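Chain by chain, the residues run as shown.
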Amino acid sequence: MKVAIGCDHGGIKLKPVLIDYLNKKGIEFIDVGCFSEESVDYNDFAEKVCEKVVSGDCDRGILICGTGIGMSIVANKIKGIRCGHCHDVFSAKMTREHNDANVLAFGERVIGPGLMLEIVDAFLNTEFSNGERHIRRVEKIKQLEDRNFK
Ligand code: RB5
């Protein structure tokens, strides 16, 4: 498994903890930035991570901003991305089992490092359930990406 990770200035302190975890687990990753506490637009880093996932360079993406909200909104606008915005382990597990989420977003101003690692662990180690109803619902999400609401 290869993971793309990215943050804005609001997630810059948690990212090293995530990197340490990925290194210890031997999980390959690409860090798209940001790399300092200077204020940046979360949009740009969410896009970079999602590009890696959509292109197939990476299997999953992990996004950290202050709340996880901005990044998850951006990610879910991108065709092929299903981003779970999770601040608890149960949701992280369920967004894999039920939604086949390929990106996870959370906020450094919401959770601490211990809980973050449990959430990441659940996200990376849970498979899509492949249940008939879940496949149908994920297919409906994919069809929605091509619908014109105007
Ligand atoms: C940055 O101040 C903050 O707005 C951002 O990290 C994120 O929380 C947005 O949703």
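Residues numbered from 1 in each chain as written. Predicted model: local features only at pLDDT ≥ 70, side-chain atom pairs only at ≥ 80, totals over all residues. Heavy atoms only, no water.

## Digging into the pairing of strand β5 (residues 103–107)
Within β5, 5 of the 5 residues are buried, which leaves the element mostly enclosed by the surrounding structure. Side-chain alternation along β5 places V103, A105 and G107 on one buried face and L104 and F106 on a second face that is also buried. Here 5 bridges tie strand β3 (residues 60–65) to β5, and the two strands are oriented parallel to one another. Residue pairing for β5: G61 is matched across the bridge by V103. Inspection of the sheet shows strand β4 (residues 83–85) paired to β5 by 3 bridges, in the parallel sense. Bridged to G84 within β5 is L104. In terms of handedness, the path from β4 via helix α4 (residues 89–97) over to β5 forms a crossover that is right-handed. (Buried < 20%, exposed > 50% of the residue type's maximum accessible area, 1.4 Å probe, protein only. Helix = DSSP H or I, 4+ residues; strand = E, 2+ residues; numbered from the N terminus. Pairing = 2+ DSSP bridges. Right-handed = clockwise from strand over helix to strand, strands pointing away.)

## Notes on the sheet that holds strand β2 (residues 28–31)
Across a sheet, paired strands are connected by hydrogen bonds in the backbone, their directions being either parallel or antiparallel. The strand order β2-β1-β3-β5-β4 describes an open sheet built from 5 strands, whose pairing is parallel. Strand pairing shows two members of the sheet lacking a second neighbour, β2 and β4, which therefore form its edges. Taking each pair of neighbouring strands and ignoring which way they run, the sheet shows an average axis angle of 20°. Where strand β1 (residues 2–7) meets β3, 5 bridges bridge the pair, whose relative direction is parallel. Bridge pairing links A4 to G61 in β3. (Axes fitted to C-alpha atoms, helices over the stretch in contact; angles between N-to-C directions.)

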